[in-house]
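Coordinate inspection notes
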Amino acid sequence: NSFVTRTNTCGELRSAHVGQKVTLYGWVQYQRQGLFLVLRDFQGLTQIIIPQDEAHSHVKELLSSAPVESVVRVTGTVSPRPLGQQNPKMPTGDIEVKAETAEILNSCKKLPFEIKDFIKKSEALRMQYRYLDLRSVRLQSNLRLRSRMVMRMREYLCNLHGFVDVETPTLFKRTPGGAKEFLVPSREAGKFYSLPQSPQQFKQLLMVGGLDRYFQVARCYRDEGSRPDRQPEFTQIDIEMSFVDQAGIQRLIEGLLQHSWPEERALITTPFPSMTYEEALAEYGTDKPDTRFGMKIMDISDVLRGSDVHFVQNALSYPHGSIRAICIPQGMRYLTNKDLESLKESAKSQFNQEIVEIICRPDGSLKSLLTKFLGEKEQSELIQALNMQEDDVVLLAAGEHKQVCSALGTLRLLSANLLEAAGLALRDPTAFHFLWVVDFPLFIPKAENPTELESAHHPFTAPHPSDARLLYSDPTKVRSQHYDLVLNGNEVGGGSIRIHSAEQQRFVLEEVLKEDSKVLSHLIEALEFGAPPHGGIALGLDRLISLIVDAPSIRDVIAFPKSFRGRDLMGNAPDYVTTEELEPYHIQVSWPLEEKEAKKN
């Protein structure tokens, strides 16, 4: 309080302050019958007793008439609360301040919504009046926890491990591949800047420049539709190191998270477990497994290989054919027939995958369309392979390995949601399960043209040392030195060891990806001037914090986020500009026909 005119905050007064004269500033949380009000600031709440005597009638009139959320200054004496009126739920609940003088610094007009966490309000209204929503305890807590974590990350990287905090440019040029970038016009006709989706090229160039260890709290941009865990502008903890391998980056990040982890959250233990991309897909059906619960995907191909089931034999006749299943514990007890139908419909609509259900009756027998094709021995082997218990429900899928695993991975998560909604505790909301996923493919077929390849992550990722030769003969079989950090089924970080050979980088761009390497000529040329081996990672700060505080969306941990459609509802951005403002940038707007008509009217 040495920089301001208050003597104390509203959250710090205790019994030890009784008898002291204090000056508090804050917002009126609520006022009751002209007898007392509760004053709130960033640190907490203090009860203010409104004087009832004639000598202080002006103070009584002023505080009794102050609208909720008005900003006031109160000076008074700290007193103990009367016996039996203490409030153990408030840190300041043993005291109250008897007001002697007061001033309304700014009166509040009628609010669009009550500023209380338990009051439901639409997200659009919250975004429109974000400055009011920021007064809520929840958002205040989220932003302060975020600030503390970032500060401790800086301390760990810069003070303890010699990283250099470097700010990289926001205006740059288009990068081939990856997410769609925002364009920024320049005054040179036809030329545009791009807002970088990450500082990827700059951090590699800093390694070429000999900085050895770089770090930045980086602002990044992607011109994509918003999702609950994504924004058009977002923040990442960006890191790059020279002379490092994958294990070194992983140890650094584990230490970073342990050092910065909030004390009030469950402890995290290191080293984090690790699994390959192929293992994650086979057991969880996704490259970002939620390992807080079981229900792993089981391979039952061998159990059913000798059966007379037509669709099973048909699936196994293909090179990558597979029969797999998940077992939903106590599924018959917690799931309705409608739930099971919705699960099967999800697999059909999203993956074109048929699902067969198998139910374990109380007597241990199986109920399914399959059972009439299976002998007692095969049924017994199936029960044993899936460890089925009474009332369990098995969802079985047959077909191409990746499709089957992806479908069952989605059903695994949907089933978990249904079980928890029905009252079965499955995932501990206070637990934090970190996991490294490694050995991703370096290239994947393009969705629009499977005969062509694109980078699974970005074109600067180095091939796995064991697969380096395959890069030139069969690039589809090359694993990468990419690694993802997963927390409770959410990707919170990703990085790789980079290509530091100009020749190899040129080959990947031109021969494998069929990209014009001239766009990256500055980077390729830099690699020819003695570039050190290097690698790095970026942690998605918004997503990481949202998981730590259990927020439903990353918008709840960003001070001024964009809406689901990428708009700023408070400032009404993006907005129109005049023809005169566009003229220096040599741009003309081609209006859709319906907007032309609307402007005429």
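Residues numbered from 1 in each chain as written. Predicted model: local features only at pLDDT ≥ 70, side-chain atom pairs only at ≥ 80, totals over all residues. Heavy atoms only, no water.

**Overview of the overall build of the protein chain**
- A tally of regular secondary structure across the protein chain gives 19 helices and 22 strands.
- Its C-alpha atoms give the protein chain principal-axis dimensions of about 95 × 75 × 65 Å.
- Residue pairs at least 24 apart in sequence account for 67% of intrachain contacts in the protein chain once pairs closer than 6 positions are excluded.
- About 30900 Å² of surface is accessible on the protein chain, with carbon and sulfur atoms providing 52% of the total.
- Separation of charge centres in the protein chain, based on 69 positive and 79 negative side chains, amounts to 4 Å. (Helix = DSSP H or I, 4+ residues; strand = E, 2+ residues; numbered from the N terminus. Contact = heavy atoms within 4.5 Å. Areas by Shrake-Rupley, 256 points an atom, 1.4 Å probe, with all protein chains shown as cover. Lys, Arg positive; Asp, Glu negative; His and termini not counted. Charge placed at Lys NZ, Arg CZ, Asp CG, Glu CD.)

**Regarding the environment of E167**
- One can find E167 in the loop between strand 6 (164–165) and strand 7 (183–185).
- Taking the C-alpha atoms as reference points, E167 and K203, separated by 36 residues in sequence, lie 9.9 Å from one another.

**Overview of the packing of aromatic side chains**
- Counted by the stated rule, this structure contains 9 aromatic pairs.
- Consider the rings of F272 and F434, whose centres lie 4.6 Å apart with planes at 10°: the pair is stacked. Placement of F272 in the loop between helix 6 (246–260) and strand 11 (274–276) and of F434 in strand 17 (residues 434–438) is noted, with a sequence separation of 162 residues between them. Here F272 matches F434 in class, with each residue buried.
- Ring geometry for W436 against Y483: centres 6.4 Å apart, planes inclined by 80°, an arrangement best described as edge-to-face. Taken together, the residues W436 in strand 17 and Y483 in strand 20 (residues 482–487) connect sequence positions 47 residues apart.
- Classification of W436 by relative accessible area gives buried; the value is 1%.
- Classification of Y483 by relative accessible area gives buried; the value is 0%.
- Here a set of aromatic residues connected by ring pairs shows up, and it is made of W261, F272, F432 and F434.
- Residue placement shows R412 over the ring face of F293; its charged tip is 3.8 Å from the ring centre. (Phe/Tyr/Trp six-rings, centres within 6.5 Å; stacked < 30°, edge-to-face > 60°. Buried < 20%, exposed > 50% of the residue type's maximum accessible area, 1.4 Å probe, protein only. Lys NZ or Arg CZ within 6 Å of the ring centre and 35° of its normal.)

**Thoughts on the nonpolar core**
- Within the largest apolar cluster, 40 residues are counted, with the highest numbers of intra-cluster contacts made by I239, I253, L257, F434 and L485.
- Breaking this core down by element, the ones donating at least two residues are helix 4 (137–161), strand 10 (233–242), helix 6, strand 17, strand 20, strand 21 (490–497), strand 22 (534–540) and helix 17 (541–548).
- Counting residues per element, this core draws most heavily on helix 4, at 6 residues.
- Each residue touching F434, except ones within four places of it in the same chain, is listed here: L257, W261, I268, F272, P273, L485, V486, L487, V492 and L544. (Core = buried A, V, L, I, M, F, W, Y, C linked by side-chain atoms within 4.5 Å.)

**Structural notes on the environment of A282**
- For A282, the position within the fold is in helix 7 (residues 277–284).
- We classify A282 as buried; its relative accessible area is 17%.
- Distance in space between the C-alpha atoms of A282 and H401 is 8.2 Å, their sequence separation being 119 residues.

**Observations concerning unusual backbone geometry**
- With omega at 0°, the peptide bond leading from T270 into P271 counts as cis.
- Examined against the element boundaries, P271 turns out to sit in the loop between helix 6 and strand 11.
- Between A573 and P574 the backbone carries a cis peptide bond, its omega angle lying at 0°.
- Along the chain, P574 falls in the loop between helix 17 and helix 18 (579–582).
- The residue N352 is not glycine, and still its phi comes out positive at about 55°.
- Positionally, N352 belongs in the loop between helix 11 (337–351) and strand 14 (356–360).
- By relative accessible area, which is 55% here, N352 ends up exposed.

**As for the side chain of E181**
- Following the sequence through the fold, E181 ends up in the loop between strand 6 and strand 7.
- Buried and unpaired, E181 has no salt bridge, with R174 as the nearest side chain of opposite charge at 6.1 Å.
- Only 3.1 Å separates the side chain of E181 from the side chain of Q197, close enough to count as a polar contact.
- Those residues in contact with E181, other than ones at most four positions away along the chain, are K173, R174, T175, S194, L195, Q197 and D223. (Salt bridge = Lys/Arg side-chain N within 4 Å of Asp/Glu carboxyl O. Polar contact = N/O pair within 3.5 Å; in protein donor to acceptor, adjacent residues only side chain to side chain.)

**Quick notes on the pattern of salt bridges**
- In the structure shown here, the tally under the stated rule is 35 salt bridges.
- For the salt bridge of R40 with E69, the shortest nitrogen-to-oxygen distance reads 2.8 Å. Of this pair, R40 sits in strand 2 (residues 36–41) while E69 sits in the loop between helix 1 (57–65) and strand 4 (71–80), placing them 29 residues apart in sequence.
- A salt bridge links E263 to R152, with the shortest nitrogen-to-oxygen separation between them at 3.6 Å. Within this pair, whereas E263 is found in the loop between helix 6 and strand 11, its partner R152 is found in helix 4, the two being separated by 111 residues in sequence.
- Residue E263 is classed as exposed on the basis of its relative accessible area of 63%.
- Relative accessible area serves as the criterion here: at 29%, R152 is assigned to the partly exposed category.
- Look at the salt bridges and you will find they share partners, linking R126, R130, D133, R138 and D556 into a network.

**Description of the packing of helix 4 against helix 17**
- Where helix 4 meets helix 17, the closest approach of the two axes is 11 Å, and the angle between their N-to-C directions is 120°. Considering the angle they form, helix 4 stands oblique to helix 17. Judged by the twist between their axes, the crossing of helix 4 over helix 17 is right-handed. Each of N142, L145, R146, M149, V150 and M153 in helix 4 lies in contact with helix 17, whose residues at this interface are L541, D542, L544, I545 and I548. (Axes fitted to C-alpha atoms, helices over the stretch in contact; angles between N-to-C directions. Parallel < 35°, antiparallel > 145°, perpendicular 65-115°, else oblique. Left-handed = near helix turned anticlockwise from the far one by under 90°.)

**Section: the side chain of R73**
- Tracing the sequence through the fold places R73 in strand 4.
- Judged by its relative accessible area of 18%, R73 falls in the buried class.
- At 3.3 Å, the side chain of R73 forms a polar contact with the side chain of T75.

**Brief notes about the sheet that holds strand 13 (residues 321–328)**
- Pairing is antiparallel in the open sheet, where 5 strands are placed in the order 12-13-16-14-15. With partners counted over all chains shown, the strands left at the sheet margins are strand 12 (298–299) and strand 15 (366–367), one partner each.
- Here 4 bridges tie strand 14 to strand 16 (residues 393–400), and the two strands are oriented antiparallel to one another. If you follow I359 over to strand 16, its bridge partner there is V393.
- Across the sheet, helix 13 (residues 401–421) touches strand 13 and strand 16, and the angle it forms with strand 13 is around 10°. (Pairing = 2+ DSSP bridges.)

**Some remarks on the domain arrangement of the protein chain**
- By domain assignment, the protein chain separates into domain 1 (15–106), domain 2 (139–275 + 433–556) and domain 3 (293–422).
- Centre-to-centre separation of domain 1 and domain 2, based on C-alpha positions: 51 Å. (Domains from an automatic or database assignment.)

**Side note on the sheet that holds strand 11**
- Here 8 strands make up an open sheet; going across it, the order is 6-9-10-22-21-20-17-11 and the pairing mixed. Each edge of the open sheet carries a strand with a single partner, namely strand 6 and strand 11.
- Bridging between strand 21 and strand 22 involves 5 bridges; their strand directions are antiparallel. In the strand pairing of strand 22, G493 is matched with L539.
- On the sheet, helix 5 (residues 200–208) packs against strand 9 (213–221), strand 10 and strand 22 and is oriented at approximately 20° with respect to strand 10.

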